[in-house]
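For reference, the chains in residue letters:
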Amino acid sequence: MALSKRELFEMRRMRVRNKLRKASAGRVRLSVHRSNRNISAQVIDDKLGRTLASASSLEKDIDTKGGNGVEAAAAIGRAIAERARKAGVQEAYFDRGGFLFHGRVKALADAAREAGLKI
């Protein structure tokens, strides 16, 4: 029987997470969630079980004038990098979840790198 889209997504998400867990070397995780309308990112310390910084396109103080597309994702990437630096995080590993690395997810990662977060 064929797997559903959700089952395929969960398998992809766990495959990515397990590979990153092996290569993490004690770094924090930059986790991304993308929906049809919004995108959000969190810097998570898995050892402490705490979120150190977060940014979302739902926040009013982040300028997402380009709607909720690639431009908004880039704004979220810049914001999360700035907030992570304020929290004392210099480098993190990028957890894309089950999302493919293109479009909005790629724009967020590239903007975070340009803003100084080492991914």
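Residues numbered from 1 in each chain as written. Predicted model: local features only at pLDDT ≥ 70, side-chain atom pairs only at ≥ 80, totals over all residues. Heavy atoms only, no water.

> Honestly, the nonpolar core in this entry has me stumped. Any pointers?
As a rule of thumb, nonpolar side chains are buried together in soluble globular proteins. Counting 27 residues, the largest nonpolar core has L30, V43, I76, I80, F94, L108 and L117 as the members making the most contacts within it. If one sorts the elements of this core by residue count, helix α2 (residues 70-86) sits on top with 7 residues. Apart from the residues within four sequence positions on either side, V43 is in contact with V28, R29, L30, R50, T51, L52, A53, I80, A84 and V89. (Core = buried A, V, L, I, M, F, W, Y, C linked by side-chain atoms within 4.5 Å. Buried < 20%, exposed > 50% of the residue type's maximum accessible area, 1.4 Å probe, protein only. Helix = DSSP H or I, 4+ residues; strand = E, 2+ residues; numbered from the N terminus. Contact = heavy atoms within 4.5 Å.)

> Mind showing me how you'd approach the pattern of salt bridges here?
Proximity of charged atoms lets side chains of opposite charge pair with each other. Taken as a whole, this structure holds 10 salt bridges when the rule is applied. For D95, the salt bridge identified is with R17, shortest N-O distance 2.9 Å. Linking D95 in strand β4 (residues 92-95) with R17 in helix α1 (residues 5-23), this pair joins segments that are 78 residues apart in sequence. Look at D95 and you get buried, because its relative accessible area is 0%. Residue classification places R17 among the buried residues on the basis of a relative accessible area of 16%. The partner of R83 in a salt bridge is D61, with the nearest N and O atoms 3.6 Å apart. In this pair, R83 sits in helix α2 while D61 sits in the loop between β3 (50-56) and α2, placing the two residues 22 residues apart along the sequence. Owing to a relative accessible area of 23%, R83 belongs among the partly exposed residues under this scheme. (Salt bridge = Lys/Arg side-chain N within 4 Å of Asp/Glu carboxyl O.)

> Could you clarify how one ought to interpret the sheet that holds β3 in this entry?
Sheet strands associate in pairs through backbone hydrogen bonding, adopting either a parallel or an antiparallel arrangement. Spatially, β3-β2-β1-β4 is the arrangement adopted by the 4 strands of the open sheet, whose pairing is mixed. Strands at the two margins of the open sheet, each flanked by one partner only, are β3 and β4. Pairwise comparison of adjacent strand axes, ignoring direction, gives a mean angle of 20° for this sheet. Two strands pair when backbone bridges link them, and strand β1 (residues 28-34) and β4 are joined in this way by 4 bridges, in the parallel orientation. Bridge pairing links R29 to Y93 in β4. Seen against the sheet, α2 touches β1, β2 (39-45) and β3 and runs at an angle of roughly 150° to β3. (Pairing = 2+ DSSP bridges. Axes fitted to C-alpha atoms, helices over the stretch in contact; angles between N-to-C directions.)

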